[in-house]
Amino acid sequence: MKPKYSLFKNAKYAMDGIIAMIKSEKSFRIEIAIIIPAIIISIFLPLSLLEHLLLIVVALLILIVEALNSAIESCVDLVTDKWHEKAKIAKDCASAAVLLSVIMACCVWGFVILSLIS
C-alpha cells in the first residue's frame, strides 16, 4: 500500500537529501561555497529583477543537476560494485550534465556582469 502523502514528511526527505549531499559530496560543498556568496554579491549589483532571477536560476540549476548526478551515482553503486561499461557511461553522462550546467551558468553570469561594465 502506498503511504499517505505528507507535505512535511516529503520536505524532511528533501532536507535529508541536501544534508546527505553536504556530508558526502565534496563537489556539492564546493558549489555551495561559490554559489551562495555569488548570489549574495549579485543582490548588490544594479541589475533588473529579470537579471537577478536569471543569475539565481542558473546558479541553483547547478545544485539541482549535482543532486541528480549524486542520485545516479548512488543508484549505479547500489546495483554493482564491479566496473561495467554501462555503469561508466551512466556516471560520465551525469557528470557531463553537471559540467554543462556550470558552463551555462558561467556564460550567463559572464554576460550579465560584462553588460554592467559596458
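Our subject in this report is the structure included herewith. Bear in mind that the values here come from a model prediction, so they are computed numbers and not experimental data. Residue positions within a chain follow its written sequence, with the count starting from 1. With pLDDT at 70 or above as the cut-off, local features in this predicted model cover only qualifying residues; side-chain atom pairs require 80 or more to be listed or tallied, and sums for whole chains, interfaces and linings still use all residues. To obtain the side-chain values, all non-hydrogen atoms of the structure were included, while hydrogens and water were left out.

Focus: the layout of surface pockets
Part 1 of the reasoning: Empty space within the largest pocket amounts to approximately 210 Å³.
Part 2 of the reasoning: Cavity means a closed set of points on a 1 Å grid over the protein atoms alone, one where a 1.4 Å probe fits but cannot get out, pocket means an open set with protein on both sides within 12 Å along at least 5 of 7 lines, and lining means a residue has an atom within 4 Å of a point. Taken together, Ile30, Glu31, Ile34, Ile35, Ala38, Ala59, Ile62, Val102, Ala105, Cys106 and Trp109 form the lining of the largest pocket.
Part 3 of the reasoning: Labels follow the DSSP assignment, with helices taken as runs of H or I lasting at least four residues and strands as runs of E lasting at least two, numbered in each case from the N terminus. Only α2 (26–43), α3 (49–79) and α4 (85–117) provide two or more residues apiece to the lining of the largest pocket.
Part 4 of the reasoning: The greatest single-element share of the lining of the largest pocket, amounting to 5 residues, is contributed by α2.
Part 5 of the reasoning: Split by residue class, the lining of the largest pocket holds 10 nonpolar, no polar and 1 charged. Grid points are joined across faces, edges and corners, and a volume is the space filled by probe spheres set on the points. Three classes are used: nonpolar for Ala, Val, Leu, Ile, Met, Phe, Trp, Tyr, Cys and Pro, charged for Asp, Glu, Lys and Arg, and polar for all others, with Gly counted as polar.

Some thoughts on the environment of Leu116
Part 1 of the reasoning: Here Leu116 shows up in helix α4.
Part 2 of the reasoning: When the C-alpha atoms of Leu116 and Leu45 are compared, they prove to be 8.7 Å apart, with 71 residues separating the residues in sequence.

Looking at the nonpolar core
Part 1 of the reasoning: As used here, the term nonpolar core means buried Ala, Val, Leu, Ile, Met, Phe, Trp, Tyr and Cys residues forming a set that is joined through side-chain atoms within 4.5 Å. Here the term buried applies to any residue with accessible area under 20% of the maximum for its type, exposed to any over 50%, and partly exposed to those in between, with areas from a 1.4 Å probe on protein chains only. Ile35, Leu55, Val58, Ala59, Val108, Trp109 and Val112 are the most contacted members of the largest nonpolar core, which has 14 residues in total.
Part 2 of the reasoning: Listed by contribution, the elements that provide at least two residues to this core are α2, α3 and α4.
Part 3 of the reasoning: The biggest single contributor to this core is α3, with 5 residues.
Part 4 of the reasoning: Should any heavy atoms of two residues lie within 4.5 Å, those residues are counted as being in contact. Beyond its immediate stretch of four places on either side in the chain, Val112 contacts Leu47, Glu51 and Leu55.

Side note on the side chain of Ser101
Part 1 of the reasoning: With respect to the element layout, Ser101 can be found in helix α4.
Part 2 of the reasoning: Ignoring sequence-local partners within four residues, the contact set of Ser101 consists of Ile62 and Val65.

Points about the pattern of salt bridges
Part 1 of the reasoning: The rule for a salt bridge is simple: a side-chain nitrogen of Lys or Arg has to be within 4 Å of a carboxyl oxygen of Asp or Glu. Summed over all chains, the structure comprises 3 salt bridges.
Part 2 of the reasoning: Lys12 serves as the salt-bridge partner of Asp16, at 3.0 Å between the closest nitrogen and oxygen. With Asp16 and Lys12 both in helix α1 (residues 7–24) and 4 residues apart, this pair spans about one turn of that helix.
Part 3 of the reasoning: For Lys12, a relative accessible area of 49% corresponds to the partly exposed category.
Part 4 of the reasoning: With its nearest N and O atoms 2.4 Å apart, the salt bridge here joins Lys88 to Asp92. Of the two residues, Lys88 and Asp92 both sit in helix α4, 4 residues apart, roughly one turn of that helix.
Part 5 of the reasoning: The partly exposed category is assigned to Asp92, whose relative accessible area is 38%.

A look at the packing of α1 against α2
Part 1 of the reasoning: In contact at an axis separation of 6 Å, α1 and α2 are set at 100° when each is read in the N-to-C sense. In terms of their interaxial angle, α1 and α2 are classed as roughly perpendicular. Between α1, through Ile18, Met21, Ile22, Lys23 and Ser24, and α2, the contact on the second element is made entirely by Lys26, Phe28 and Arg29.
Part 2 of the reasoning: Within the contact of α1 with α2, the residues separate by chemical class into 4 nonpolar, 1 polar and 3 charged. Where helices are involved, their axes are fitted lines through C-alpha atoms of the stretch in contact, as for all axes, and angles between N-to-C directions lie from 0 to 180°. Throughout, the term roughly parallel applies to angles under 35 degrees, roughly antiparallel to angles over 145, roughly perpendicular to angles from 65 to 115, and oblique to all others.

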